[in-house]
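Coordinate inspection notes
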Amino acid sequence: MSANIFITEETIDGVEDGPLADTTVAVKDNISTEGILTTCGSAMLDDYVPPYDATVVSRLKDAGATIVGKTNMDEFGMGTTTETSAFGATENPAAPGHVPGGSSGGSAAAVAAGEADVALGSDTGGSIRCPAAFCGVVGIKPTYGLVSRYGLVAYGNSLEQIGPFATSVEDAAATLDVIAGPDDRDATTREPPADGESDSSYADAATGDVDGLSIGVPTELLEGADEGVVDTFWDAIDDLESQGASYHEVSLPSVEHAVEAYYVIAMSEASSNLARFDGVRYGESGGYDGNWNETFATARKEGFGDEVKRRILLGTYALSAGYHDKYYKKAQDARAWVKQDFDGVLEEADVLASPTMPVPPFERGESLDDPLQMYLADANTVPVNLADLPAISVPAGETDGLPVGLQLVGPAFGERELIRAGSALS
Amino acid sequence: MSDDAVSPEEVRHVAELARVDLADDEVDQFARQFADILDYFETLDEVPEVDREADLANVMRPDEVRDTLEREEALQNATKTEDGYFKGPNVS
């Protein structure tokens, strides 16, 4: 089969000069590109052409980048394998026969296969870090509010950020330099607080200097992980130690509830965000027979795949009368608890380290039948989104020939420390 | 979780609220899967009440006229339009 990395292959030229001149970029297909099909991996939007660019796309063009195509993804970002795409699965270039991870699987695969120098994905609960880990490349999930979401088709908007993929930490950081920064079209963006380094670029932080770095290892994020993944993780920590870093174990008791809190919040937000797809302004139309409700219900039956329907329905359920306090309110309590937990342990450590994914890449088709098992694979990535923190996934090595990622988590707007530490491993 | 398994009727009700038409086999499949997933969500009961300090600030901007999409651009993805407007199905 073809690798099926791109949904649309089309070149968009940027300006002639700039920090990303001569750099090719693959863009996830939920990020709006003016005049170029943007499907979100869904039949609902299989002919949707945005009339405007996302802010990150404008910034790429202004930096001289050449966009080479729109990449395959789990439908609306809902999946961990890129298999829920209406356009078929994507092959993992680093592990043939296995999934590339998701939901930004096409973007990670594009970089791993050399189809683009760098790529953009979006991360709601691990959708950049998981495919980075599974494809053996670098992925950065920025602090909530660092990168504009204007023009990103919303799934779970209190959780998600756009971020870069590259084969090196430095190239990912250079891409982050271009896309980061406040945007008056996204009121959740913020200027990072001033510190001694605010004037320097993210790329400049890729020094690999970890001398004196204190690494916290949350024991909860190692429990139940695949043995080969854990061995590879400790080898990477040993490597950092030999370069002058030190590690100690820390505890994050709240993360035991992170997956269920994440899914309740993400599904609730999805049920609201995806209400806009009614086939009137854009998307699959319901045929206009029957009344408003029947027509919309038909459009959504035909346009959405199983996983999207599942999440819209569960989100609607969690927000419905009688269940709101039981699910949504408790999930917000859990989210606040996770934040406090991370803030506490980050007072005793510069960064936190864990395997990015508790398992090596799944074989294709392995996980589709049991949605709950697929959700549980996100155990190490979703707590970071709940806490609004930045994280990076860097290649840590292999187990049985399959890529393993190391995840580093830092304090809010602590991207430079993650870039410095991550670059020590490459 | 036999005591509060999700019934097909509940799935149909939620699907109606969400405006998603479902085939009969989808209803049965979702009823089975939702039982497992909601059972797992139940563990949120163990989460203590947490003081949530919202670290939020309002973001304001001057109320000034700015460029927006041209009407034709805004309408270009609609299946049906009439006289420069979106055309929707009958309300009832």
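Under an unreviewed UniProt entry, the name given to chain B is Aspartyl/glutamyl-tRNA(Asn/Gln) amidotransferase subunit C, and the organism recorded is Salinadaptatus halalkaliphilus. The record in UniProt for chain B states the following under Sequence similarities (unreviewed entry): "Belongs to the GatC family." Recorded in UniProt under Subunit (unreviewed entry), the annotation for chain B is "Heterotrimer of A, B and C subunits."

The name an unreviewed UniProt entry assigns to chain A is Glutamyl-tRNA(Gln) amidotransferase subunit A, from the organism Salinadaptatus halalkaliphilus. Taken directly from UniProt, the Subunit (unreviewed entry) text for chain A runs: "Heterotrimer of A, B and C subunits." The record held by UniProt for chain A lists under Function (unreviewed entry) the comment "Allows the formation of correctly charged Gln-tRNA(Gln) through the transamidation of misacylated Glu-tRNA(Gln) in organisms which lack glutaminyl-tRNA synthetase. The reaction takes place in the presence of glutamine and ATP through an activated gamma-phospho-Glu-tRNA(Gln)."

**Examining the overall build of chain A**
Assigned secondary structure in chain A consists of twelve helices and eleven strands. Computed over its C-alpha atoms, the radius of gyration of chain A comes to 20 Å, within 12% of the 22 Å expected for a compact globule of 426 residues. In terms of overall dimensions, chain A has a C-alpha envelope of 70 × 55 × 45 Å along the principal axes. Considering only residue pairs separated by 6 or more positions, chain A has 76% of its internal contacts joining residues 24 or more positions apart. As presented, chain A carries roughly 13600 Å² of accessible surface, and 43% of it is formed by carbon and sulfur atoms. Averaging the locations of the 24 positively and 70 negatively charged side chains of chain A gives two centres separated by 11 Å.

**Concerning the UniProt feature "active site" (unreviewed entry) in chain A**
All names here are of chain A. Mapped onto this numbering, the UniProt entry gives "active site" (unreviewed entry) at Lys28, Ser103 and Ser127. Maximum C-alpha separation among the annotated residues is 10.9 Å over a sequence range of 100 residues, consistent with a single clustered spot. Take Lys28: it is sitting in strand β2 (residues 24-28). With relative accessibility at 0%, the residue Lys28 sits in the buried group. Contact partners of Lys28, with chain neighbours within four places excluded, come to Lys70, Thr71, Met73, Ser103, Ser104, Ser107, Leu120, Gly121, Ser122 and Ser127. Secondary-structure assignment places Ser103 in the loop between β3 (66-71) and α2 (105-112). Apart from residues lying up to four places away in sequence, Ser103 is in contact with Lys28, Asn72, Met73, Asp74, Gly77, Met78, Gly79, Thr82 and Ser127.

**Some thoughts on the environment of Ser85(A)**
Residue and element names in this part refer to chain A. By the element assignment, Ser85 lies in the loop between β3 and α2. Each C-alpha atom of the pair Ser85 and Cys40 lies 8.3 Å from the other, and the pair is 45 residues apart in sequence. Those residues in contact with Ser85 that sit more than four places away from it in its chain are Gly41, Asn72, Met73, Asp74 and Glu75. Polar side-chain contacts of Ser85 include one of 2.6 Å to the side chain of Asn72.

**Some details on the nonpolar core**
Counting residues in hydrophobic clusters, the biggest one holds 71 residues, and the most contacted among them are Phe76(A), Phe277(A), Leu313(A), Phe342(A) and Val11(B). Looking at this core, the elements with two or more residues in it are α6 (258-273), α8 (306-319), α9 (324-345), α10 (371-376) and α11 (382-386) of chain A together with α1 (8-17) and α2 (24-41) of chain B. When residues in this core are grouped by element, the largest group, ten residues, is from α6(A). Every residue in contact with Val11(B), bar those within four places of it in the chain, is listed here: Leu313(A), Val6(B), Leu22(B), Val27(B), Phe30(B), Ala31(B) and Phe34(B). Ranked by size, the runner-up nonpolar core spans 58 residues in total, among them Ala63(A), Ile162(A), Leu240(A) and Val394(A).

**Quick word on the packing of aromatic side chains**
All told, the structure shown has 17 aromatic pairs over all chains when counted by the stated rule. Here Phe30(B) and Phe34(B) contribute two aromatic rings whose centre-to-centre distance is 5.4 Å and whose plane-to-plane angle is 5 degrees, an arrangement assigned as stacked. Residue Phe30(B) and its partner Phe34(B) are located together in helix α2, separated by four residues, close to a single helical turn. Classification of Phe30(B) by relative accessible area gives buried; the value is 0%. Taking relative accessible area as the criterion, Phe34(B) reaches 5% and is therefore assigned buried. By the ring-pair criterion, three or more aromatic residues cluster together here, those being Tyr48(A), Phe76(A), Phe277(A), Tyr282(A) and Phe304(A). Note that Arg71(B) overlies the ring of Tyr85(B), its terminal NZ or CZ placed 5.2 Å from the centroid.

**Concerning the side chain of Ser148(A)**
Residue and element names in this part refer to chain A. Looking at where Ser148 falls in the secondary structure, it is placed in the loop between β5 (138-141) and β6 (161-166). Accessibility expressed as a relative area gives 0% for Ser148, which makes it buried. Separated by 3.0 Å, the side chain of Ser148 and the backbone nitrogen of Tyr150 make a polar contact. Within polar-contact distance, the side chain of Ser148 engages the side chain of Asp183 at 2.6 Å. Excluding residues that lie within four positions of it along the chain, Ser148 makes contacts with Thr55, Val56, Ile162, Asp183, Asp186 and Thr189.

**Re the interface of chain A and chain B**
Taken together, the contact between chain A and chain B spans 58 residues of the former and 49 residues of the latter. Taking both sides of the interface into account, the surface hidden between chain A and chain B amounts to around 4800 Å²; carbon and sulfur atoms contribute 64%. When residues of chain A are sorted by the area they lose upon contact with chain B, Glu260(A), Tyr288(A) and Leu313(A) head the list and together hold 14% of the total. Viewed at the interface, chain B and chain A are joined by four salt bridges. Between Arg66(B) and Asp184(A) there is a salt bridge, and its shortest N-O distance comes to 3.7 Å. On inspection of chain A and its partner chain B, the count reaches 19 residue pairs in polar contact (both at pLDDT 80 or more). Of all elements in the fold, only α6, α7 (292-303), α8, α9 and α10 of chain A reach the threshold of two or more residues within the side of chain A that touches chain B. In terms of residue count, the dominant contributor to the side of chain A that touches chain B is α9(A) (eleven residues). Per-class residue counts for the side of chain A that touches chain B are 31 nonpolar, twelve polar and 15 charged.

**Concerning the pattern of salt bridges**
As a working rule, side chains carrying opposite charge can pair if their charged atoms are close by. Under the counting rule described, the total for this entry stands at 17 salt bridges over all chains. Measuring nitrogen to oxygen at the nearest pair gives 3.0 Å for the salt bridge that ties Glu26(B) to Lys309(A). Remark: Lys309(A) occurs in helix α8 and Glu26(B) occurs in helix α2; the pair is interchain, linking two chains. Accessibility expressed as a relative area gives 10% for Glu26(B), which makes it buried.

**Focus: the confidence of the model for chain B**
Looking at chain B as a whole, the pLDDT averages 90, with 96% of positions reaching at least 70. Predicted complex metrics record ipTM = 0.94 and pTM = 0.97.

What counts, and where the lines are drawn
- Residues numbered from 1 in each chain as written.
- Chains lettered and ligands numbered in written order.
- Predicted model: local features only at pLDDT ≥ 70, side-chain atom pairs only at ≥ 80, totals over all residues.
- Heavy atoms only, no water.
- UniProt positions renumbered as here; feature names shortened; annotations may be inferred.
- Helix = DSSP H or I, 4+ residues; strand = E, 2+ residues; numbered from the N terminus.
- Rg over C-alpha atoms; globule rule 2.2 N^0.38 Å.
- Contact = heavy atoms within 4.5 Å.
- Areas by Shrake-Rupley, 256 points an atom, 1.4 Å probe, with all protein chains shown as cover.
- Lys, Arg positive; Asp, Glu negative; His and termini not counted.
- Charge placed at Lys NZ, Arg CZ, Asp CG, Glu CD.
- Buried < 20%, exposed > 50% of the residue type's maximum accessible area, 1.4 Å probe, protein only.
- Polar contact = N/O pair within 3.5 Å; in protein donor to acceptor, adjacent residues only side chain to side chain.
- Core = buried A, V, L, I, M, F, W, Y, C linked by side-chain atoms within 4.5 Å.
- Phe/Tyr/Trp six-rings, centres within 6.5 Å; stacked < 30°, edge-to-face > 60°.
- Lys NZ or Arg CZ within 6 Å of the ring centre and 35° of its normal.
- Buried area = accessible area lost by both parts, 1.4 Å probe.
- Salt bridge = Lys/Arg side-chain N within 4 Å of Asp/Glu carboxyl O.
- Nonpolar A, V, L, I, M, F, W, Y, C, P; charged D, E, K, R; others polar.
- pLDDT = per-residue confidence, 0-100.

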